[in-house]
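Examination of the molecular architecture
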Amino acid sequence: METLLRQGLTALGLPADAAPALARYGALLIETNKVMNLTAITEPADVAALHFLDSAALLTLEDFRNKSVADVGTGAGFPGLPLKVLEPTLQLTLLDALQKRITFLETVCRELGLTGVECVHGRAEAFAADRRETFDIVTSRAVANLQILAELCLPLVKVGGRFLAMKAVDSDAELEAARRAIGTLGGRVAAVRDYAIPGTQVRHRLISVEKVKKTPEKYPRTFAKIKKNPL
Ligand code: SAH
C-alpha cells in the first residue's frame, strides 16, 4: 500500500513522505475491519485509492492550511484524517454518530502520534447546539443526499467559510434539488469540480458551498424533521 500511496501522492503534487503514516493507518483499518464494521473496501489497493487518495485530492482543490475543519459522518476517518496527516497545520474535529468508529479513530490518532485532532461521538444536528458557526471548513463524504446534508453541515460553518461535499460525478440532479436548501441555510454554491483519483479510472466531484450569511436559528431541526420535510 505504501508504494501506491507514494505514487498517488506524487501524482497529486502532495508530499509523498506522508505515505508511511497513511500506510500504517490503512493497515490498522484493514486489521480492525475484521472485527468491527468500518468499511466495505478491504483490498489494500482499493483502500489506498478510494479512501486515502480520494480524500487527499481535496488538498489540490482547497486551501486547508491553518483552518479549523469538521468532518461530519467521518466513519473510519474519511476524508478528514488523511487531510490532517497531509496538512498538519489544520485543526481537525472528527464527528460520527457511532461510538465504535470514534474509538477506532482515537486509536489511529494515538498510533500516528497526531495532535490537534478531536474525536467526537455525536450527531451533526445536535453538535450544532455547541459549535454553531465555528468551523472554517466542514467536509462530508457518503453521509446523506445534499439537500439533507446541507442542513447537517452548513450550520457548523462560519460566515466566510466553506462546506465541501464529496459526491459522484453524476450528481447534477442532486445539486439542483438541494439549491433551495443551501440558500435557505445561508450558503451559495461557489464551485463544482470533478477530479480524478490517480492510478484509477475513477472520477469524483467536489461541491464547494460558501457560507455567505448566518444560518437562521431554527436550523438544524431534529433529524426526523429534516428527513420528513427536507428544505
Ligand atoms: N465519511 C466516511 C463514512 C461514510 S458512512 C466515508 O466516506 O468513508 C456514513 C457515516 O456517517 C456513518 O459512520 C454514520 O455513523 C455517520 N452519520 C450518519 N448520519 C450522521 C449524523 N447525522 N451525524 C453524525 N454522523 C452521522
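An account of the accompanying structure is given in this report. Quantities reported herein were computed from a predicted structural model and do not represent experimental measurements.

Cut-offs applied
Residues numbered from 1 in each chain as written. Predicted model: local features only at pLDDT ≥ 70, side-chain atom pairs only at ≥ 80, totals over all residues. Heavy atoms only, no water. Helix = DSSP H or I, 4+ residues; strand = E, 2+ residues; numbered from the N terminus. Rg over C-alpha atoms; globule rule 2.2 N^0.38 Å. Buried < 20%, exposed > 50% of the residue type's maximum accessible area, 1.4 Å probe, protein only. Contact = heavy atoms within 4.5 Å. Lys, Arg positive; Asp, Glu negative; His and termini not counted. Charge placed at Lys NZ, Arg CZ, Asp CG, Glu CD. Arc of directions from axis to C-beta. Axes fitted to C-alpha atoms, helices over the stretch in contact; angles between N-to-C directions. Left-handed = near helix turned anticlockwise from the far one by under 90°. Pairing = 2+ DSSP bridges.

Turning to the overall build of the chain, a few remarks are in order. A count of helical and extended segments in the chain gives nine helices and seven strands. Computed over C-alpha atoms, the radius of gyration of the chain comes to 17 Å, within 12% of the 17 Å expected from 2.2 N^0.38 for 231 residues, which places it in the range of a compact globule. C-alpha atoms of the chain, sized along the principal axes, occupy 45 × 35 × 30 Å. A buried classification covers 54% of the 231 residues belonging to the chain. Residue pairs at least 24 apart in sequence account for 67% of intrachain contacts in the chain once pairs closer than 6 positions are excluded. When the 30 basic and 26 acidic side-chain charges of the chain are each reduced to a single mean position, those positions are 6 Å apart.

A few words now on helix 6 (residues 124-131). Those residues of helix 6 not exposed but buried are Ala124, Glu125, Phe127 and Ala128. Taken end-on, helix 6 shows its buried residues confined to a sector of 150 degrees, consistent with a single buried face. Turned more than 90 degrees away from the buried face of helix 6, the exposed residues are Ala129 and Asp130. In this structure, the buried residues of helix 6 make contact with strand 1 (68-72), strand 2 (91-96), strand 3 (117-121), strand 4 (135-141), helix 7 (146-153) and helix 9 (223-228). Just downstream of helix 6, Glu133 is the residue with a positive phi angle, here 50 degrees.

Another aspect to go through is the packing of helix 7 against helix 8 (residues 172-184). Two packed helices can be described by the angle between their axes and the distance between those axes. At a minimum axis distance of 8 Å, the contact between helix 7 and helix 8 shows a crossing angle of 35 degrees. Here helix 7 and helix 8 pass one another in a crossing that is right-handed. Only Glu174, Leu175, Ala177, Ala178, Ala181 and Ile182 of helix 8 make contact with helix 7, whose side of the interface consists of Leu146, Gln147 and Ala150.

Taking strand neighbours across the sheet as the criterion, the seven strands line up as 3-2-1-4-5-7-6 in an open arrangement whose pairing is mixed. The open sheet has two edge strands with one neighbour each: strand 3 and strand 6 (187-196). Here the strands of the sheet are splayed against their neighbours by 20 degrees on average, with no regard to which way each runs. One ladder, built from nine bridges, connects strand 6 with strand 7 (residues 203-211); its direction is antiparallel. Bridged to Gly187 within strand 7 is Lys211. Sheet contacts for helix 7: strand 1, strand 4, strand 5 (157-168) and strand 7; angle to strand 5, the most-contacted strand, approximately 150 degrees.

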